[in-house]
Amino acid sequence: MAKTIYEIMHMDRRVARMDEAGSCKIYYRSFMPYNLYLEESDDIDLRINNVTNFNYWCATRVLTLDRQYAKEILNSIGMMQAVTDRERAKIALTYRCASLTDVFWVRYYREKISFADINLYDNHLDNTFIDIALKGRQYTVQNECLARDLATNGCFPKAWRREGGGFRLLKDGGREAVERELLASQICRCFDVDQVLYEEDYFDGEKVSVSDNITSREYSIVSMEAFEIYSQNHDRDTRQYILHLDRHNYYMMNIIDYLTGNTDRHWGNWGVLVRNSNNKPVCLHKLMDFNQAFCAYDSLEGANCQTVFWDHMTQRQAALQAVKRVGLNQVREIRKECFGRLPQYYEMFCRRLELLKSEQ
């Protein structure tokens, strides 16, 4: 029986091929996905590893079941409620593993199809997807139209909306989560840090936050989780590399997370911006995702810092260290009126800001 053979694509560049038994051929290792490691070998164990790694990579390109409404979305496209990497990989492969985070995709060996045919920057997403993703509504829709947009990670309801020549991300999660993200975004704008700008919008009569997509045909993003996998497979010191690449925005991230009480800066919520022409990092990607801000906000210490590469630190310790390294970099005053809808956070914010100012 003939084996299914897949080609891993970077735009229209064929970077590798692999069959379902794990036999692979790598054409351009420097253009491989950061979190996909394959080895050319006849060794059965290495081939099994290839299959495992390929299924994991595909699975990262589909939503996980801890996201609200995930089951409703999968039901709406008539697919299984996948649990294992292998099952999620099957879902991702039905829409060729296309994503709005990068320009990688998968096709069958020697299949006559191009990036222009499948990429999400040029091809239409069924508008019905917005209702399903944000409200959990049930629809009967065409699998191909809806399934392409299942790659947005996170536990809050969210959906992409095409506007003009690009996409904007709508995020729900309840009024409190939306207000927290909007307030955190206002605070971020008062500091010199690359950031996603979150604005107020409405969907179906309810307030949501909305932001621009930060990827394009020119630039992709790679999560720190994926970059760490790459670093381990290539004997790279992640901490040293990140500090050399973009020390300013790395330290400013720790300052902003402390000031806004953001406890959700896990390694899927920050990472690097990659230039697609050479698949190499340019800098850290813009600071984003603040709908779990102002948590652990009842003391000056804050939560444990999730972004340090070395000794255990609290958010306060990491922020103080960051001020020593790059300064506070406040560019405008944070007015009390910004806290109008969430006044309970103003006093602690002022205390934390004064603490960092004193370190200067």
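This is a predicted model, so every value here is computed, not measured.

Criteria and thresholds
Residues numbered from 1 in each chain as written. Predicted model: local features only at pLDDT ≥ 70, side-chain atom pairs only at ≥ 80, totals over all residues. Heavy atoms only, no water. Helix = DSSP H or I, 4+ residues; strand = E, 2+ residues; numbered from the N terminus. Buried < 20%, exposed > 50% of the residue type's maximum accessible area, 1.4 Å probe, protein only. Areas by Shrake-Rupley, 256 points an atom, 1.4 Å probe, with all protein chains shown as cover. Salt bridge = Lys/Arg side-chain N within 4 Å of Asp/Glu carboxyl O. Arc of directions from axis to C-beta. Axes fitted to C-alpha atoms, helices over the stretch in contact; angles between N-to-C directions. Parallel < 35°, antiparallel > 145°, perpendicular 65-115°, else oblique. Left-handed = near helix turned anticlockwise from the far one by under 90°. Contact = heavy atoms within 4.5 Å. Nonpolar A, V, L, I, M, F, W, Y, C, P; charged D, E, K, R; others polar. Pairing = 2+ DSSP bridges.

Caption draft 1: Spotlight on the overall build of the protein chain. Each helix and strand counted, the protein chain has eleven helices and eleven strands in total. The proportion of buried residues among the 360 residues of the protein chain is 51%. Within the structure as shown, the protein chain displays about 16,400 Å² of accessible surface, and the carbon and sulfur contribution to it stands at 44%.

Caption draft 2: Broad picture of the pattern of salt bridges. This structure, assessed with the given rule, holds 22 salt bridges. In this structure, the salt-bridge partner of arginine 341 is glutamate 179, at a minimum N-O distance of 3.8 Å. A residue pair is termed long-range when its members are at least 10 positions apart, and arginine 341 in the loop between α10 (315-326) and α11 (346-359) and glutamate 179 in helix α7 (residues 175-188) qualify at 162 residues. By relative accessible area, arginine 341 is classed as exposed at 53%. For glutamate 179, a relative accessible area of 7% corresponds to the buried category. Residues glutamate 301 and arginine 316 are paired through a salt bridge, measuring 3.7 Å at the closest nitrogen-oxygen approach. On the criterion of sequence distance, the pair formed by glutamate 301 in the loop between β11 (280-284) and α10 and arginine 316 in helix α10 is long-range, its members being 15 residues apart.

Caption draft 3: Structural detail: helix α8 (residues 224-233). Taken as a whole, α8 has its buried residues at Met224, Ala226, Phe227 and Ser231. The buried residues of α8 occupy an angular sector of 155° when the element is viewed end-on, so they sit on one face.

Caption draft 4: Main features of the packing of α10 against α11. Following both chains from N to C, one finds α10 and α11 inclined at 40°, their axes separated by 9 Å at the closest point. When the interaxial angle is binned, α10 and α11 end up oblique. Crossing of α10 against α11: the hand is right-handed. Seen from α10, the contacting residues are Arg316, Ala319, Leu320, Val323 and Lys324; seen from α11, they are Leu355, Leu356 and Glu359. Among the residues making up the contact of α10 with α11, the classes are represented as five nonpolar, no polar and three charged.

Caption draft 5: Up close: the pairing of strand β7 (residues 199-203). For β7 and strand β8 (residues 206-212), the ladder comprises five bridges, and the chain directions are antiparallel. When the bridges of β8 are listed, glutamate 200 appears paired with serine 209.

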